[in-house]
Amino acid sequence: MLQIGELAPDFETDTYFPEKKEIKTIKLSDYRGKWVILTFYPGDFTFVCATDIEALMGSYDKFLKEGAQVFGISEDSVFSHKAWCDTSPRVSKSKIPLIDDYTKEIAKNYGFLDTKGYQAQRGLVIIDPEGKIQYEAMFNDGLGKDVRHIYGAFMGLKTLHDAPEEAGHMCAIPADWTPGESPLDINIVRDIGKL
């Protein structure tokens, strides 16, 4: 996996946009200035993956409103993505663009390609507006994504990103923080051992 704060590897590939039913070539760097959430999944026409897309779609507009673009990504072609969107009861309701990684280069460059080199492992990457990785998670393929956690992590990172820097202070997000709550404003010297 890549390091937090490292520049996310750029890529250029075809992507299926189900809302407009069109295929467009995109570059990750085209989204500089926005938050980008890459949700990796093992493959189209699989079981847990459809629930991931459906759950993410339930919060898709909230992500967009906060300046984040969500993409699904697997080692399938855009033609497979289109067929999945056309036939799956769960995925057919989605507006989430699906990235073609048929060459497996994106999964490999992000550290998500399984050890056999067949498919992406289930996981997620959050990239900040400067193009740097701020969050990575990889987990068992049988475990669907917790969208409440993903949204909370994204909003926490956005809060940290947008917090004004004051000399001798740091902004931090405590455990079990809920979007909308105030972050911790820590005086680095005075607050040692007091939290």
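How each quantity is defined
Position numbers for residues count from 1 along each chain, tracking the sequence in the order it is written. Per-residue local features of the predicted model are confined to residues with pLDDT of at least 70, and side-chain atom pairs are confined, for both listing and counting, to 80 or more; whole-chain, interface and lining totals are unaffected and use all residues. No hydrogens and no water enter the side-chain calculation; it runs on all heavy atoms of the structure. Put simply, a salt bridge is a Lys or Arg side-chain nitrogen that is within 4 Å of an Asp or Glu carboxyl oxygen. Going along the chain from the N terminus, every DSSP run of H or I of four or more residues is numbered as a helix, and every run of E of two or more is numbered as a strand. Exposure classes here rest on a 1.4 Å probe applied to the protein chains alone. A residue is buried below 20% of its type maximum, exposed above 50%, and partly exposed in between. Only protein atoms enter the calculation, which uses a 1 Å grid: trapped sets of points that fit a 1.4 Å probe without letting it out are cavities, open sets showing protein on both sides within 12 Å along at least five of seven lines are pockets, and any residue with an atom within 4 Å of a point is a lining residue. Grid points are joined across faces, edges and corners, and a volume is the space filled by probe spheres set on the points. Classification convention: Asp, Glu, Lys, Arg as charged; Ala, Val, Leu, Ile, Met, Phe, Trp, Tyr, Cys, Pro as nonpolar; all other residues, Gly among them, as polar. Contact between two residues is taken to exist if any of their heavy atoms lie within 4.5 Å; hydrogens are not considered. When two rings of Phe, Tyr or Trp (its six-membered ring) have centres within 6.5 Å they constitute a pair, described as stacked for plane angles under 30 degrees, edge-to-face for angles over 60, and tilted for the intermediate range. In our convention, an over-ring charge means Lys NZ or Arg CZ found within 6 Å of a ring centre and within 35 degrees of that ring's normal. Here, two cysteine sulfur atoms that lie within 2.5 Å of each other are counted as a disulfide. To estimate how far a helix should extend, the number of its residues minus one is multiplied by 1.5 Å. Whenever two N or O atoms come within 3.5 Å, that pair is a polar contact, provided that in protein one can donate a hydrogen and the other can accept it, and provided that, for residues adjacent in sequence, both atoms are side-chain atoms. By definition, no residue in a patch forms a salt bridge, and every one has over 30% relative accessible area; like charges are joined within 9 Å, nonpolar side chains (Val, Leu, Ile, Met, Phe, Trp, Tyr) within 5 Å. Here, Shrake-Rupley sampling with a 1.4 Å probe gives the accessible areas, and only protein chains in the shown set may cover a residue. As used throughout, the charge tally considers Lys and Arg to be positive and Asp and Glu to be negative, leaving His and the chain termini uncounted. Where a charge sits is defined by one atom per residue type, namely NZ (Lys), CZ (Arg), CG (Asp) or CD (Glu).

What about the pattern of salt bridges?
Taken as a whole and judged by the stated rule, the model has seven salt bridges. Two residues, lysine 95 and aspartate 61, come together in a salt bridge whose shortest N-O distance is 3.6 Å. Placement of lysine 95 in the loop between helix H3 (78-87) and strand E5 (98-100) and of aspartate 61 in helix H2 (residues 60-65) is noted, with a sequence separation of 34 residues between them. Here lysine 95 falls in the partly exposed class, since its relative accessible area comes to 27%. With relative accessibility at 47%, the residue aspartate 61 sits in the partly exposed group. A cluster of three or more residues bridged by salt bridges with shared partners is formed by Asp52, Arg122 and Lys145.

Side note on the layout of surface pockets
Counted as a void, the largest pocket has a volume near 270 Å³. Leu160, His161, Ala163, Pro164, Glu165, Glu166, His169, Met170, Cys171, Leu184 and Asp185 are the residues that line the largest pocket. When its residues are assigned to classes, the lining of the largest pocket shows six nonpolar, two polar and three charged.

Examining empty space enclosed by the protein
In total, this model carries one cavity of 30 Å³ or more according to the counting rule given. Contributing to the lining of the largest cavity are Ala8, Asp10, Leu28, Ser29, Tyr31, Arg32, Val36, Ile127, Asp128 and Gly131. Looking at side-chain class alone, the lining of the largest cavity contains five nonpolar, two polar and three charged residues.

Let's talk about the environment of aspartate 10
For aspartate 10, the position within the fold is in the segment before strand E1 (12-17). For the pair formed by aspartate 10 and leucine 28, sequence separation is 18 residues and the distance between their alpha carbons is 5.5 Å. Sequence-distant contacts of aspartate 10, that is, excluding residues within four places in its chain, are made with Lys27, Leu28 and Ser29.

Side note on the packing of aromatic side chains
As enumerated under the stated definition, the model contains ten aromatic pairs in all. For the pair phenylalanine 40 and tyrosine 110, a centre-to-centre distance of 6.0 Å together with 45° between the ring planes defines the contact as tilted. Here the residue phenylalanine 40 occupies a position in strand E3 (residues 35-40), and tyrosine 110 occupies one in helix H4 (residues 105-110), the gap between them amounting to 70 residues. As far as burial versus exposure is concerned, phenylalanine 40 and tyrosine 110 are alike and both buried. One aromatic cluster is present, built from ring pairs that chain together Phe11, Phe40, Tyr110 and Phe112. Over the face of the ring belonging to phenylalanine 17 we find lysine 24, whose NZ or CZ atom lies 4.7 Å from the ring centre. Here the basic side chain of lysine 62 rests over the ring of tyrosine 151, its NZ or CZ set 4.2 Å away from the ring centre.

Here's the deal with the state of the cysteines
Inspection of the entire model under this criterion finds zero disulfides. Considering cysteine sulfurs only, cysteine 85 is the nearest to cysteine 49, which forms no disulfide, with 13 Å between them.

Looking at helix H5 (residues 147-162)
Look at H5: 22 Å from first C-alpha to last across 16 residues, which is about the 22 Å you get at 1.5 Å a residue. By the burial criterion, the buried members of H5 are Val147, Ile150, Tyr151, Gly152, Ala153, Phe154, Met155, Gly156, Leu157 and Lys158. In the core, the buried residues of H5 are packed alongside E3, helix H1 (47-58), H2, strand E4 (68-74), strand E6 (123-127) and strand E7 (133-138). Its side-chain oxygen 3.2 Å from the backbone nitrogen of arginine 148, aspartate 146 forms the N-cap of H5.

As for a negative patch on the surface
Taken together, the side chains of Asp10, Glu12, Asp14 and Asp30 present a region of like negative charge at the surface. Topologically, glutamate 12 is positioned in strand E1.

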